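Structure at a glance
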Amino acid sequence: MSAMGAARSERSSAPIATGKRYVTPRSAIRVAVVGLIAALAFAGCTTAGASPAGASTTGNATSNPALTGTLTDASTAPQGELQPPAAPTGLHEWVDETSSDVPAYFVWTPPSGPIGGYYFYIKGAWAGDITPPPAICGPTWEKLPGSATKHTIQTVSSQPETYICAYNDAGTSPTVRFTQDTPWVPAKPEQPAAPFNVTAEFDATGGGKSPAEVLQWSAPLEPVSGFYLNLWYVGGDIPSPDACNSSWTKLPASARQYRIPAVEQSPSVFICAFNDAGMSPMVKFPLPDRG
């Protein structure tokens, strides 16, 4: 290359002065454009997966520093560990003082989530006259199944101070106390359980050749509309356990006693409760002891 050619080449690689402005040669412009496109492409690759803070994301983990932990697909996300249940709510407790054997009734609403069962405690019944603190609940108390939402104590001497908690494999709920004197009224009628505490005794105080027979019972926990009573004497067909029906003697819901006058031969006596949801199972009174 001649000296003139070399000098021309050196001048072409530097900006050309035109007063106070500089004009860049075309070759340099092309290099700058290519470099800018590459930079934009690189920036797009590194920011395409980012999400704004607080935005909902799915799929693989995001590089957003505002999100903590690692996000995974829902199908592969590990399930949460089992937690102890919350305490039962909607606690009701009341007694039936119209019965000769005074029963106590309890109703509650179960907490959500898995429940293995309940621990039920009556103050003074097992551990002396102690009020358990909320954190105390355990297997030394009476155990009720996880399906239970009701409980009946057939006879009490006074209205008890009673507590309950729920439990599962992860632990126990806080202990809560039943609210006394709060009878339960269901949103719609529920088929009643059978009457219980059924007894039959002779009463000779009325005089006469044969004594009277006095029948007594306790009503089930569910509200009832009344009772059906059947007296079966020898010579008729004994009713089957599901035979209770409206053809029997109808007694009011307040009834807890029935008197059969001048009994020469004790009949077999059956009773059931009923309401708008249906009839209870039938139960048979024991034969009275003539002494």
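For clarity, every value in this text was computed on a predicted model and none was experimentally measured.

1. Regarding the nonpolar core
Ranked by size, the top nonpolar core spans 17 residues in total, and within it Leu-215, Trp-217, Phe-227, Leu-229, Ile-271 and Phe-285 carry the most contacts. Element by element, the count of residues in this core is highest for strand E16 (residues 268–275), at three residues. Apart from residues lying up to four places away in sequence, Phe-285 is in contact with Val-198, Thr-199, Leu-215, Gln-216, Trp-217, Leu-229, Val-269, Phe-270 and Ile-271. Phe-106, Tyr-118, Ile-122 and Ile-164 belong to the second-largest nonpolar core, a separate cluster that totals 16 residues.

2. A short note on the state of the cysteines
Here the structure, examined in full by the defined rule, presents two disulfides. A sulfur-sulfur distance of 1.4 Å marks the disulfide that ties Cys-137 to Cys-165. Placement of Cys-137 in the loop between strand E5 (117–122) and strand E6 (142–145) and of Cys-165 in strand E8 (residues 162–168) is noted, with a sequence separation of 28 residues between them. Note on accessibility: Cys-137 and Cys-165 belong to one class, buried. Each sulfur of the disulfide joining Cys-244 and Cys-272 lies 1.5 Å from the other. With Cys-244 in the loop between strand E13 (226–232) and strand E14 (249–252) and Cys-272 in strand E16, this residue pair connects regions lying 28 residues apart in the sequence. One exposure class covers both Cys-244 and Cys-272, and it is buried. Counting only the cysteines that form disulfides, in the order they appear in the protein, gives the pairing 1-2, 3-4.

3. Details of the side chain of Gln-216
Considering the arrangement of structural elements, one finds Gln-216 in strand E12 (residues 212–218). There is a polar contact of 3.3 Å between the side chain of Gln-216 and the side chain of Gln-257. Setting aside residues no more than four positions away along its own chain, Gln-216 makes contact with Ser-100, Asn-197, Val-198, Thr-199, Arg-256, Gln-257 and Phe-285.

4. Observations regarding the sheet that holds strand E7 (residues 150–153)
Taking strand neighbours across the sheet as the criterion, the three strands line up as E3-E4-E7 in an open arrangement whose pairing is antiparallel. Across the chains shown, the open sheet's two edge strands, defined by having one partner strand only, are strand E3 (89–95) and E7. Each strand of the sheet is rotated relative to its neighbour by a mean of 10°, with strand direction disregarded.

5. What to know about the packing of aromatic side chains
Taken as a whole, this structure holds twelve aromatic pairs when the rule is applied. Between the aromatic rings of Trp-108 and Tyr-118, the centroid separation amounts to 5.4 Å while the plane-to-plane angle is 65°, which identifies the pairing as edge-to-face. Note that Trp-108 is positioned in strand E4 (residues 104–109) and Tyr-118 in strand E5, a separation of ten residues in sequence. Ring plane angle 75° and centroid distance 6.1 Å describe the contact between Trp-217 and Phe-285, whose orientation is recorded as edge-to-face. Here Trp-217 is found in strand E12, whereas its partner Phe-285 is found in the segment after strand E18 (283–284), with 68 residues between them in sequence. Phe-285 matches Trp-217 in its accessibility class, with the two residues each being buried. The structure contains a cluster of three or more aromatic residues connected by ring pairs, namely Phe-106, Trp-108, Tyr-118, Phe-120 and Phe-178.

6. Observations regarding the environment of Ala-255
Looking at the element boundaries, Ala-255 is found in the loop between E14 and strand E15 (257–260). The class of Ala-255 is buried, set by a relative accessible area of 10%. In this structure, the C-alpha to C-alpha distance between Ala-255 and Phe-227, residues 28 residues apart in sequence, is 7.8 Å.

7. Comments concerning the pattern of salt bridges
Two side chains with opposite charge may pair up if their charged atoms get near one another. Summed over the entire model, instances satisfying the criterion amount to six salt bridges. We note a salt bridge from Glu-222 to Lys-150, for which the minimum N-O separation is 3.1 Å. With Glu-222 in the loop between E12 and E13 and Lys-150 in strand E7, the pair connects residues that are 72 residues apart, well separated along the chain. Note on Lys-150: relative accessible area 27%, which makes it partly exposed.

8. Observations concerning the environment of Pro-133
Structurally, Pro-133 can be placed in the loop between E5 and E6. Given the relative accessible area of 41%, Pro-133 is considered partly exposed. Placed 42 residues apart in sequence, Pro-133 and Thr-175 show a C-alpha to C-alpha distance of 7.2 Å.

9. Observations concerning the sheet that holds E12
Pairing is antiparallel in the open sheet, where three strands are placed in the order E11-E12-E15. Single-partner strands in this sheet number two, and they are strand E11 (196–203) and E15. Looking at each pair of strands side by side, their axes are set apart by 15° on average, direction ignored. Sheet analysis places E12 next to E15, joined by four bridges and oriented antiparallel.

Thresholds, definitions, all that
Residues numbered from 1 in each chain as written. Predicted model: local features only at pLDDT ≥ 70, side-chain atom pairs only at ≥ 80, totals over all residues. Heavy atoms only, no water. Core = buried A, V, L, I, M, F, W, Y, C linked by side-chain atoms within 4.5 Å. Buried < 20%, exposed > 50% of the residue type's maximum accessible area, 1.4 Å probe, protein only. Helix = DSSP H or I, 4+ residues; strand = E, 2+ residues; numbered from the N terminus. Contact = heavy atoms within 4.5 Å. Disulfide = S-S within 2.5 Å. Polar contact = N/O pair within 3.5 Å; in protein donor to acceptor, adjacent residues only side chain to side chain. Pairing = 2+ DSSP bridges. Axes fitted to C-alpha atoms, helices over the stretch in contact; angles between N-to-C directions. Phe/Tyr/Trp six-rings, centres within 6.5 Å; stacked < 30°, edge-to-face > 60°. Salt bridge = Lys/Arg side-chain N within 4 Å of Asp/Glu carboxyl O.

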